[in-house]
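In case you want the letters, here they are:
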Amino acid sequence: MKAIVLIEGGTGSVDRPTGDTPGVLSSAEIYDPALRRFLPIAAMNERRDQFSAAAIGIDKVLIVGGINTLLVPLNVFPGPAMPWILRSAEVFNSGDGKFVAVPSMKYSRDEPTVTPLQNGKVLIVGGDSPAAELYDPASNTFAETGAMASSRHGQTATLLRRGGVLIAGGGLQKVEVYDPATGKFQFAGKLDDNRLYHTATPLGDGLVLIAGGCPFARSSAVDTSEIFDEVGRAVSPGPKLTQSRAGHTATLLADGRVLLAGGRADKSSEFYDPESHQFVAGPEMVEARSGHSATLLPDGTVLLAGGWDPDYKPLSSAEIFDPVANRFVTTGQMTEARAGHNATLIFGREPIAWIRPTPSATPTPSETPTDTLTPTPSATPTDTLTPTNRPTPSATGTPRQ
């Protein structure tokens, strides 16, 4: 089986006579770690932004919810400003490279979280609803389960060592844990800071690192962290980050450290060291990015792709963090620019026969310390494009309408 990274959806841009026009994408691509190249594949059934996705087993990905149009500022454009929030779901299968529509969720969800459970089912929560539901891959159905105490958006959902799911942030300081055995959410402590667009990373010893974010939609990012203890069902203050972050990524490395990277107009990185219980500065990324994806690859490196640049334009660039060399290096261009997308590591059988034709590879610029070949980017129009003030992670938090 061959490791691949499925990348889909998000906000992109296409060339129009008046310039770059933003739009929600249905397009998808894969990153091949062996070739160090991005390759185009068939599109999703729906255009999706602010959605969620997670692997089911080793060769499938469940994709749910989101919005299929962009927010329109009322002071500039007439008409409704509310996006269409999706109930629909689909599954990608690496066997044939197809996205197949599955029955819709019980509720429409904008910015939900998707968490595979140890029993094979998948928990879907959030998206401005307290209701939760389970997807059963065996029966291909969604069913309601217990509800959270309140609705959330921009929350994190983290699978715990004992099988529960930690729900943190998203407009509430209250922390809840979902118990798959009872189908109920239980109160499990309280955060010192309200957090949106933060990260929550399991540390492998029953602890979860909750870092950064912003307290409210248009507030400043924070530099604090907190630690959730699964055994004691309690939250305690953690060390301070080296700087404030929101819209960043956090990736657990093979050596036990956590790599935090990016944020609005930010190319810095840092590490959480569980032995010293401190954050230490890391190397700079090649580009500043927020709302990007970060995927741990089988060789221990991390793929960081896309996101927003400092001018709120989606990026097509990508880079690799090498923990041995302790540096970021470019790894070519995605087939198109995208931000707010999803990226999931899965495996497929070789040879992969469902790759779409792609332009001839061109060398990566000589000043970049890599031998990667980069496919020429291609613009992929969306069906409907709408001018936008799409909320994006920033150093002052992530605005939400």
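Computed from a predicted model, the values in this text were never measured in an experiment.

Asker: I'd love a proper account of the overall build of the chain, names of residues and values included.
Answerer: Within the chain, the regular secondary structure consists of 0 helices and 32 strands. For the chain, the proportion of its 401 residues judged to be buried stands at 57%. Expressed as a percentage of contacts within the chain between residues at least 6 apart in sequence, the contacts between residues at least 24 apart total 53%. In the form shown here, the chain has an accessible surface area of approximately 16,100 Å², with 52% of it arising from carbon and sulfur atoms.

Asker: Give a detailed account of the confidence of the model for the chain, specifying residues and quantitative values.
Answerer: Overall, the prediction assigns the chain a mean pLDDT of 86, with 84% of residues at 70 or greater. Confidence drops under a pLDDT of 50 for residues 72-82, and excluding neighbours within four residues, the segment shows 12 contacts in the predicted structure. Taken as a whole, residues 360-401 scores under 50 in pLDDT and shows 129 contacts with residues more than four places along the chain or in a different chain.

Asker: Outline the pairing of strand 21 (residues 234-237), listing residues and values.
Answerer: Bridge analysis of strand 20 (residues 225-229) against strand 21 gives 4 bridges, and the strand direction is antiparallel. Pairing of Phe228 across the sheet is with Val235, part of strand 21. Hairpin connection from strand 20 to strand 21: 4 residues lie between these consecutive antiparallel strands, with Arg233 at a positive phi of about 50 degrees.

Asker: Give me the sheet that holds strand 26 (residues 293-296): which residues, what numbers.
Answerer: With antiparallel pairing, the 4 strands of this open sheet are ordered in space as 26-27-28-29. Here the strands that pair on one side only, and so sit at the sheet edges, are strand 26 and strand 29 (327-333). When strand polarity is set aside, the average angle formed by the axes of neighbouring strands in this sheet is 25 degrees. The pairing of strand 27 (residues 302-305) with strand 28 (residues 317-322) spans 4 bridges and is classified as antiparallel. Among the inter-strand pairings, Ala305 is bridged to a residue of strand 28, identified as Ala318.

Asker: Lay out unusual backbone geometry in plain terms, naming residues and giving numbers.
Answerer: Note the cis peptide between Glu350 and Pro351, where omega equals -10 degrees. Backbone geometry places Arg36, a non-glycine residue, at a positive phi of 55 degrees. Here Arg36 shows up in the loop between strand 4 (28-32) and strand 5 (37-41). Looking at Arg36, the relative accessible area reads 40%, which means it is partly exposed. In this model, Tyr197 sits at a positive phi of 55 degrees, which is unusual for a non-glycine residue. Structurally, Tyr197 can be placed in the loop between strand 17 (184-190) and strand 18 (199-202).

Asker: Any chance you could break down the sheet that holds strand 18 for me, citing the residues and the numbers?
Answerer: What the 4 strands build is an open sheet, ordered 18-19-20-21; its pairing is antiparallel. Of all strands in the sheet, those bounded by a partner on one side alone are strand 18 and strand 21. Sheet twist, expressed as the mean angle between neighbouring strand axes with direction ignored, is 25 degrees. Across 4 bridges, the pairing between strand 18 and strand 19 (residues 207-211) is antiparallel. Residue pairing in the sheet places Thr201 in a bridge with Leu209 of strand 19.

Asker: Can you break down the nonpolar core residue by residue, with the values?
Answerer: Core analysis: the biggest nonpolar cluster contains 16 residues, and Leu6, Ile30, Ile41, Phe92 and Phe99 have the highest contact counts within it. Elements supplying a minimum of two residues to this core: strand 1 (2-8), strand 4, strand 5 and strand 7 (60-64). For Phe92, the contacting residues outside a window of four places in its chain are Leu6, Ile41, Asp59, Lys60, Val61, Gly97, Lys98, Phe99, Ile346 and Trp354. One finds Ala89, Val91, Met105 and Ile124 within the second-largest nonpolar core, a separate group that totals 13 residues.

What counts and how
All chains use their own residue numbering, which begins from 1 and follows the written sequence. Note on the predicted model: pLDDT of at least 70 is required for a residue's local features to be given, and 80 or more for side-chain atom pairs to be given and counted; whole-chain, interface and lining totals, by contrast, use all residues. Heavy atoms from the whole structure form the basis of all side-chain values; hydrogens and water molecules are not counted. Per the convention used, a helix needs a DSSP run of H or I reaching at least four residues, while a strand needs a run of E reaching at least two, with both numbered from the N terminus. Note on exposure labels: buried denotes an accessible area under 20% of the residue type's maximum, exposed denotes more than 50%, and partly exposed covers the range between, all computed with a 1.4 Å probe on protein chains only. Contacts: residue pairs with any heavy atoms within 4.5 Å of one another. Surface accessibility in these figures is a Shrake-Rupley result with a 1.4 Å probe; residues are shielded only by whichever protein chains are displayed. Within a predicted model, pLDDT stands for the predictor's per-residue confidence, ranging from 0 to 100. When DSSP finds at least two bridges between two strands, those strands are taken to pair. Convention adopted: a line fitted to C-alpha atoms gives each axis, helices being fitted over their contacting stretch, and angles between N-to-C directions are expressed from 0 to 180 degrees. Here, nonpolar core refers to any group of buried Ala, Val, Leu, Ile, Met, Phe, Trp, Tyr and Cys residues whose side-chain atoms link them within 4.5 Å.

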